Amino acid sequence: MQQSSFFVVARRFCKHRLAVVCLVILLALILLAVLAPWIAPYGPTKISGGFSKPPDAEHWLGTDQIGRDMFSRLLYAMRVSLLVGFLATLISTAIGVVLGLVSGYFGGWIDRVIMSFTDMVMSFPYILLVLVAAAIFEPGMWTMIVILGLVDWPGVARLVRGNVLSLRETNFCKSDITSGMPGRYILFSEILPNTLAPVLVYATSVFAISILDEAALSFLGMGVQPPTASLGNILNGAQSITVLTGKPWLWLPAGILIILLVMCINFVGDALRDALDPRGSL
Amino acid sequence: MERNTPVLSARDLRKAFPSDGERHLLRKGMHPAVDGVSFDIYPGQTFGLVGESGCGKSTVAKLLMGLEKLDSGEVYLEGQRIDQLAPKKLRPLRPQFQMVFQDSGSSLNPRKRVMDILSEPMLYHGVAKSDTVQARMDELLEQVGLPREMKHRYPHEFSGGQRQRICIARALSLRPKVIVLDEPVSALDVSVQAQILNLLRDLQEQMHLTYLFIGHGLGAVRYISHRIGVMYMGRLVESGDAEELFAHPAHPYTRALLDAVPVADYALRNRPRITLVGEVGELPASGNGCPFAPRCPMATASCLEHVPELKPLAGAPERTVACLRAGEQR
């Protein structure tokens, strides 16, 4: 039974051709990133050729300013970017779901306190927050994961709260009350499963945004620190005008990868939203 | 009629909601949705509650089920007062009084199969154990006239009538004494309505169930009810034996409701009728008269002075009417 509903979702997902293509690209990229140590021809920090050499047979995407293989660095960079995006999304979604559930279900002053706090976090210019935090704590991958995780949750919290509020008024929750079912049953067996689909869809966009944020912060030098490669700090090397105009292999592949990742994640999320709607056509 | 303990009693139920219209500086104006409703429902019987949309009949159901908090009044289940019980104390009693909602579409969790919807409450309350629950579900589905294989399906795979059958099966699953049916057939096609009404009647006979049937379709309410209460603007304006009440309506509002039912017989098209003018919700200008007076063709000056009480009708002690001119010839 569980399997058959999975197939229904998969079939509906496959109707979106673009999303299927994106999913394939995304999975391929993730596979490349995961298998980087085995695929990459050189180590990510190993100096293996001349400085800023254009692509050739030995270095498919050329070498960077200090002679490291760009292709290898890109693979490792993708690893870091995906990991940051994934863990930040995981943290912020977990916080958002818990706060949203509590806020929506219990209501009253708990709701008001949580929602005021949410608005506060939401209204804060968080790039600034992240910069300050990165300045206070040691900038690095883990700091960035925690910081992004701690600022990205308000959207999830509001989404879940709104869902809980509307689900609480449905007749199936009311008939649980009239059947004498306990609150935990209503919350975890009726409300939570019905909010997971929109949360999952929302999480894909948080994932995409987290990757962008990582790139932005690393570009500014407040994120992942060299020599560890990330898509953002590879772009950092493109700050000089000579690189930008004369040596596109130093920044173009990283830029394309970011666009590809973010775009694919968003398209997959869109298709997922349609596929997970239980009232949708089979 | 035998006078044993009522299964469900409502005593002077009152509930007001904040109204959007009038707002004072600090407090919103309160609009009474249910304004002093009392009735008793006896074992194995159906009490029908009729009235126009917005007359407060669904609020009565919610108050009885504890889905809304009473402003004042009392609810008794087999003589035990239940409206003041803490949620924890009330929960073990809940299986005894169940509810079926109007909109069967939103009454069933779209992500659960019928078998989950039916089995989870039974297992929680210990009505069935894990080894007997399958057999019990088959029995329930059979009772409501659905093939037992359908328990593997999801709610959206059913028609409205079938979904309402599932809702009835869920209500039955906890072996209730009384079921509150809040417009259970109003959203269904006429032919399906008849099937569901017959099903409800058969189930009542088999299991000696007690119903509170809320509806605005007079035909359905008359068909299923033993006794009927007519509501207007949050008040019970008339109650009594179903056939009696339909044959000799004593309150002008009841008459108007009956006269408003379209009759298929062409010869009767010019029959004398009470036709209502105006809208629900117009209170008498004096502020304390009979709430129906502004629309009532029989209203006199005294109707605008005080609210008529619900009193037994002369010569028919089972009937009660809240009208100064009750029983007068039209």
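As shown above, the structure is provided for reference.
Residues numbered from 1 in each chain as written. Chains lettered and ligands numbered in written order. Predicted model: local features only at pLDDT ≥ 70, side-chain atom pairs only at ≥ 80, totals over all residues. Heavy atoms only, no water.

Let's talk about the overall build of chain B
Here is step 1 of the chain: A count of helical and extended segments in chain B gives nine helices and 12 strands.
Here is step 2 of the chain: The C-alpha atoms of chain B give a radius of gyration of 21 Å, which matches the 20 Å a tight globule of 330 residues would have.
Here is step 3 of the chain: For chain B, the C-alpha atoms occupy an extent of roughly 70 × 55 × 40 Å along the three principal directions.
Here is step 4 of the chain: Long-range contacts, defined as pairs at least 24 residues apart, comprise 62% of the intrachain contacts of chain B with a sequence gap of at least 6.
Here is step 5 of the chain: Put simply, chain B shows about 15,600 Å² of open surface, and 50% of that area lies on carbon and sulfur atoms. (Helix = DSSP H or I, 4+ residues; strand = E, 2+ residues; numbered from the N terminus. Rg over C-alpha atoms; globule rule 2.2 N^0.38 Å. Contact = heavy atoms within 4.5 Å. Areas by Shrake-Rupley, 256 points an atom, 1.4 Å probe, with all protein chains shown as cover.)

A closer look at the packing of helix α3 (residues 114–125) of chain B against helix α4 (residues 133–143) of chain B
For any two helices packed against each other, one specifies the inter-axial angle together with the distance between the axes.
All names here are of chain B.
Here is step 1 of the chain: Across the interface, α3 lies against α4 with an axial gap of 10 Å and an inter-helix angle of 115 degrees. Crossing handedness for the pair α3 and α4: right-handed. Across the interface between the two elements, Val114, Met115, Leu118, Ser119, Met122 and Leu123 from α3 touch Val133, Gln134, Arg136, Met137, Leu140 and Leu141 from α4.
Here is step 2 of the chain: Of the residues in the contact of α3 with α4, the class split is nine nonpolar, two polar and one charged. (Axes fitted to C-alpha atoms, helices over the stretch in contact; angles between N-to-C directions. Left-handed = near helix turned anticlockwise from the far one by under 90°. Nonpolar A, V, L, I, M, F, W, Y, C, P; charged D, E, K, R; others polar.)

Details of the sheet that holds strand β7 (residues 178–182) of chain B
Residue and element names in this part refer to chain B.
Here is step 1 of the chain: With mixed pairing, eight strands are arranged side by side in an open sheet as β6-β7-β8-β3-β9-β10-β12-β11. Sheet topology places β6 (97–100) and β11 (311–313) at the edges, where each strand pairs with a single neighbour. Averaged over all adjacent pairs, the angle separating strand axes in this sheet is 25 degrees, with direction ignored.
Here is step 2 of the chain: Of the pairings in the sheet, the one linking strand β10 (residues 235–241) to strand β12 (residues 316–321) comprises two bridges and is antiparallel in character. The residue of β12 that forms the bridge with Ser239 is Thr320.
Here is step 3 of the chain: Each of β6 and β7 is contacted by helix α5 (residues 160–173), which is oriented at about 170 degrees to β6, the strand it contacts most.
Here is step 4 of the chain: Across the sheet, helix α9 (residues 252–260) is in contact with β9 (227–232) and β10; its angle to β9 comes to roughly 100 degrees. (Pairing = 2+ DSSP bridges.)

Some details on the side chain of Arg136 of chain B
All names here are of chain B.
Here is step 1 of the chain: Summarising the element assignment, Arg136 is placed in helix α4.
Here is step 2 of the chain: Polar side-chain contacts of Arg136 include one of 3.2 Å to the side chain of Glu139.
Here is step 3 of the chain: When neighbours within four sequence positions are excluded, Arg136 is seen to be in contact with Met122, Val127, Ala128, Leu172, Ser173 and Arg175. (Polar contact = N/O pair within 3.5 Å; in protein donor to acceptor, adjacent residues only side chain to side chain.)

Quick notes on the interface of chain B and chain A
Here is step 1 of the chain: Listed as interface residues are 27 residues of chain B and, on the opposing side, 24 residues of chain A.
Here is step 2 of the chain: Counting each side, the surface lost to burial between chain B and chain A is near 2,200 Å², with a carbon and sulfur contribution of 55%.
Here is step 3 of the chain: Across the chain B-chain A interface, the total number found is one salt bridge.
Here is step 4 of the chain: As a salt-bridge pair, Lys112 of chain B and Glu190 of chain A come within 3.4 Å of each other at their nearest N and O atoms.
Here is step 5 of the chain: Between the two partners, chain B and chain A, sit 15 residue pairs in polar contact (both at pLDDT 80 or more).
Here is step 6 of the chain: Within the residue set of the side of chain B that touches chain A, elements represented by two or more residues are α1 (57–65), β6 and α3 of chain B. (Buried area = accessible area lost by both parts, 1.4 Å probe. Salt bridge = Lys/Arg side-chain N within 4 Å of Asp/Glu carboxyl O.)

Some points on the pattern of salt bridges
Residues and elements named next belong to chain B.
Here is step 1 of the chain: Overall, the coordinates contain 22 salt bridges over all chains when judged by the stated rule.
Here is step 2 of the chain: We note a salt bridge from Arg235 to Asp35, for which the minimum N-O separation is 3.1 Å. In this pair, Arg235 sits in strand β10 while Asp35 sits in strand β2 (residues 28–41), placing the two residues 200 residues apart along the sequence.
Here is step 3 of the chain: Glu74 is paired through a salt bridge with Arg81; the nearest N and O atoms lie 3.9 Å apart.
Here is step 4 of the chain: Where salt bridges share partners, they join Asp12, Arg14, Asp35 and Arg235 into one cluster.

Details of the pairing of β9 of chain B
Residue and element names in this part refer to chain B.
Here is step 1 of the chain: Across the six residues of β9, six count as buried, placing the element largely inside the fold.
Here is step 2 of the chain: Side chains of β9 alternate between two faces, with Arg227, Gly229 and Met231 and Ile228, Val230 and Tyr232 buried alike.
Here is step 3 of the chain: The pairing of strand β3 (residues 46–50) with β9 spans four bridges and is classified as parallel. Each residue of the ladder has a partner; that of Gly48, found in β9, is Ile228. (Buried < 20%, exposed > 50% of the residue type's maximum accessible area, 1.4 Å probe, protein only.)

Description of the packing of helix α4 (residues 70–106) of chain A against helix α8 (residues 154–168) of chain A
All names here are of chain A.
Here is step 1 of the chain: Axis separation between α4 and α8 bottoms out at 7 Å; the angle between their running directions is 35 degrees. The handedness of the crossing between α4 and α8 comes out as right-handed. Contacts between α4 and α8 involve Ser92, Thr93, Gly96, Val97, Leu99, Gly100, Leu101, Ser103, Gly104 and Tyr105 on the former and, on the latter, Val156, Ala157, Val160, Arg161, Val164, Leu165 and Arg168.
Here is step 2 of the chain: Split into classes, the residues belonging to the contact of α4 with α8 amount to nine nonpolar, six polar and two charged.

Focus: the side chain of Arg227 of chain B
Here is step 1 of the chain: Summarising the element assignment, Arg227 of chain B is placed in strand β9.
Here is step 2 of the chain: A distance of 3.1 Å separates a polar side-chain atom of Arg227 of chain B from the backbone oxygen of Asp40 of chain B.

Overview of unusual backbone geometry
Glycine aside, the phi torsion of most residues is negative, and most peptide linkages are trans.
Here is step 1 of the chain: The omega angle of the peptide bond from Pro226 of chain A to Pro227 of chain A is 10 degrees, so this bond is cis rather than trans.
Here is step 2 of the chain: Positioned with a positive phi, Glu78 of chain B is a non-glycine residue whose angle comes to about 45 degrees.
Here is step 3 of the chain: Position of Glu78 of chain B relative to the elements: it lies in the loop between β4 (72–77) and β5 (80–81).
Here is step 4 of the chain: Its identity as a non-glycine residue notwithstanding, Arg175 of chain B has a phi of 50 degrees, on the positive side.
Here is step 5 of the chain: Tracing the sequence through the fold places Arg175 of chain B in the loop between α5 and β7.
Here is step 6 of the chain: In this structure Arg175 of chain B comes out as exposed when scored by relative accessible area, which is 53%.

Examining a nonpolar patch on the surface
Residue and element names in this part refer to chain A.
Here is step 1 of the chain: Together, Leu27, Ile30, Leu31, Leu32, Val34, Leu35, Trp38 and Ile39 make up an exposed nonpolar region whose accessible area comes to about 750 Å².
Here is step 2 of the chain: Elements with a contribution of two residues or more to the nonpolar patch: α2 (17–34) and α3 (36–39).
Here is step 3 of the chain: Within the fold, Leu27 resides in helix α2. (Patch = residues over 30% accessible without salt bridge, like charges linked within 9 Å, V, L, I, M, F, W, Y side chains within 5 Å.)

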